[in-house]
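Overview (structure and organization)
Here are the chains, one letter per residue:
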Amino acid sequence: MDGLVLPHPKVMLFDWHGTLVNTHEAMYAAIEDMLAQLDELDLVRHILPEEEANSEDDEKLIRYIRIYRHLHPRVLAEQRISRTDVFEVLFGDNDEANAIAHKAYNDCYRNHYGSVKPFQAGMYEYLTYLKQLGIKIGVVTNRSREFLDPELASVEGGRWQELFDVTLCGDEMWRYKPAADSMVQASKAVNELTDKHLWYVGDSVTDMMTATKAGVTRVFYNGALWSPHWFEQHFSNQAKHQFDPEIIVDDFDELLDIVLDSKEHHFDQTLVEQRPARLPPRQPLPERVEPDWHPAIASLTYPSVVLFDWHATLVDTLDAMYHAVDDMLKELRELGLLEHLVDSASCKSPDDQRLVDYVRDNLSLHPKIKLDRKISRTDIFEILFADNEVAKKLAHKGFTDHYRKYFGTALPFEPKVADMLAGLRKLGLVVGVITNRDREFFMHELNTVDNGWAHLFDTEICGDDTVQRKPHTDQILKAAENLNCQLGKEIWYVGDSTTDVIAAKSAGITSVFFNGAQWDQPWLNKIFPGTERYPYKPDVVVNDFSEFWAMVLACRSK
């Protein structure tokens, strides 16, 4: 595309959002609201099969939304693709589904729109100069008139309102983009032909598809500053190659360069000299600096086996668990365990010291721990008894005796956990559970949660199946033996406690810390200090299963 000279533009039509203006916050909030309604709108059945996706990114987006009904975290963080592109990925050329999706989006956008600003500096001056060159300009957007007019009236104090020769909105088109209808309608409105002397400038694959179908000149405005690799992935495959942009511009100075160099027209030198002053090139936003265990930068081996902790990872049994722990602590003296509590001075952190001191003085958990519901019984026993295996064994037995009074109700820790597990199996991965829960309780919970999850696992290892429980490696070794696989980084263990991390790292497998408790970064640094005494740190931390699913899909493409 470098060096290509385009036909002189008589008409230049622009997409709105992501090209002329930035309304990202409102747009993404509305998309999220709309995706939450996919079931209610009966749109799930219209989502394309993953094998029909046009790129790896599209395949991952389809798979992600099908399970979680919201946008992939990276899409939300980068804010680089349009809602029309999202709908195009999900529904392809299904006009009925796209119409329903756009209407639902408009209903949601009504709750969010209002903030609008030029996409880049000098936009008004660039547009004014195009008109000085004798070029008719207009806006063609899938946005509804209800939203475009107020945004036009508000951007830069309303001075854009008289700029355009035509504005055409989604609810005025015969069909939404990427259908070609909008180009025909807009060109007729300004008494020009729908041919190569009409340029359509947009920031999305959908915009390029629209221009191609209409037979007009397609100019890609690279507002997101995508890399060349992105263009190769999204346009160079066979399905999308025909929609390649004829030219790509990173800013409006480059657009003016191409206009002034276009064929079959000589601009008056006086007009050329009146061109707006060239601005510095646009720069991408600085990369976010994340901890080395953040999903965005963690370097993981794609798994063949994924093992999960049970309580506080896959399921919620917190009420029963805390009741049983508290009952057991009341009996510390009778069990002969009070004198085995660690010296608080040897604890890993001040918080651990306070926990030990409170238990020693009160024979119960601090009310705040029970209110926060963020720490597992295994981690509690590790803090209280450290390396004293005999004391921990007695504590687990005491817990089990009391848990028998409370257990029964196990709820999915998050919605869609079963769908996520089924999705892993669909990818061909082996899935299992490793839990310190005794088998008599685990089997009841396994068979009652969500009408039963037994069919979702290839192996289950309970606390009383091995000589030693986590944080020892016995259970991981037994799972590997059951599955006839070698220990290595292609086995992932996903759990919510420091105990789970210690077990995984000690066994030489990948540790995924499930931060369901939503600990903040300072707290994570505190519980995983990476010191000589406490060296174990997770390979990656995920805050929920949507983030975990996104990470699996990302690793799959490497």
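Presented here is a report on the structure given in the accompanying data block. Residues take numbers from 1 onward in each chain, read along the sequence in its written order. The predicted nature of this model means local features are confined to residues of pLDDT at least 70 and side-chain atom pairs, given and counted, to a pLDDT of 80 or more, with totals for whole chains, interfaces and linings taken over all residues. The side-chain values count all of the structure's non-hydrogen atoms but skip hydrogen atoms and water molecules.

1. Comments concerning the pairing of strand E4 (residues 136-140)
Whether a residue is buried, partly exposed or exposed follows from its accessible area with a 1.4 Å probe, protein chains only, as a fraction of its type maximum: under 20%, in between, or over 50%, in that order. Only runs of H or I of at least four residues qualify as helices and only runs of E of at least two qualify as strands under DSSP, and these elements are numbered from the N terminus. Of all the five residues making up E4, four are buried; the element is thus mostly covered by neighbouring parts of the structure. The pairing of strand E1 (residues 11-14) with E4 spans four bridges and is classified as parallel. Within the sheet, the bridge partner assigned to Val 11 lies in E4 and is Lys 136. Between any two strands, at least two bridges found by DSSP are needed for them to pair. Direction of pairing for E4 relative to strand E5 (residues 166-168): parallel, over a ladder of three bridges.

2. Some remarks on helix H21 (residues 498-507)
Burial runs high along H21: seven of the 10 residues are buried. When checking whether two residues touch, look at their non-hydrogen atoms; a contact exists if any pair is within 4.5 Å. The inward-facing, buried residues of H21 abut helix H16 (377-385), helix H20 (474-483), strand E14 (491-495), strand E15 (510-514) and helix H22 (521-527).

3. A word on the side chain of Arg 83
Summarising the element assignment, Arg 83 is placed in helix H4 (residues 83-91). Charge assignment in this entry is limited to Lys and Arg as positive and Asp and Glu as negative, and neither His nor the chain termini are counted. Salt bridge criterion: a side-chain nitrogen from Lys or Arg within 4 Å of a carboxyl oxygen from Asp or Glu. In this structure, Arg 83 is buried with no salt-bridge partner, the nearest side chain bearing the opposite charge being Asp 15 at 8.1 Å. N or O atoms closer than or at 3.5 Å make up a polar contact, with two conditions inside protein: a donor-capable atom paired with an acceptor-capable one, and, for residues adjacent in sequence, both atoms drawn from side chains. One polar contact links the side chain of Arg 83 to the main-chain carbonyl oxygen of Asn 142, over a distance of 2.8 Å. Beyond its immediate sequence surroundings of up to four residues, Arg 83 is in contact with Met 27, Ile 31, His 102, Tyr 105, Asn 106, Asn 142 and Arg 143.

4. Describing helix H9 (residues 205-214)
A large share of H9 lies buried, amounting to eight of its 10 residues. Considered for burial, the residues of H9 that qualify are Val 205, Thr 206, Asp 207, Met 208, Met 209, Thr 210, Ala 211 and Ala 214. Check the buried side of H9 and you find it contacts H4, helix H8 (181-189), strand E6 (198-202), strand E7 (217-221) and helix H10 (228-235). Directly beyond the C-terminal end of H9, a positive phi value near 75° is found at Gly 215.

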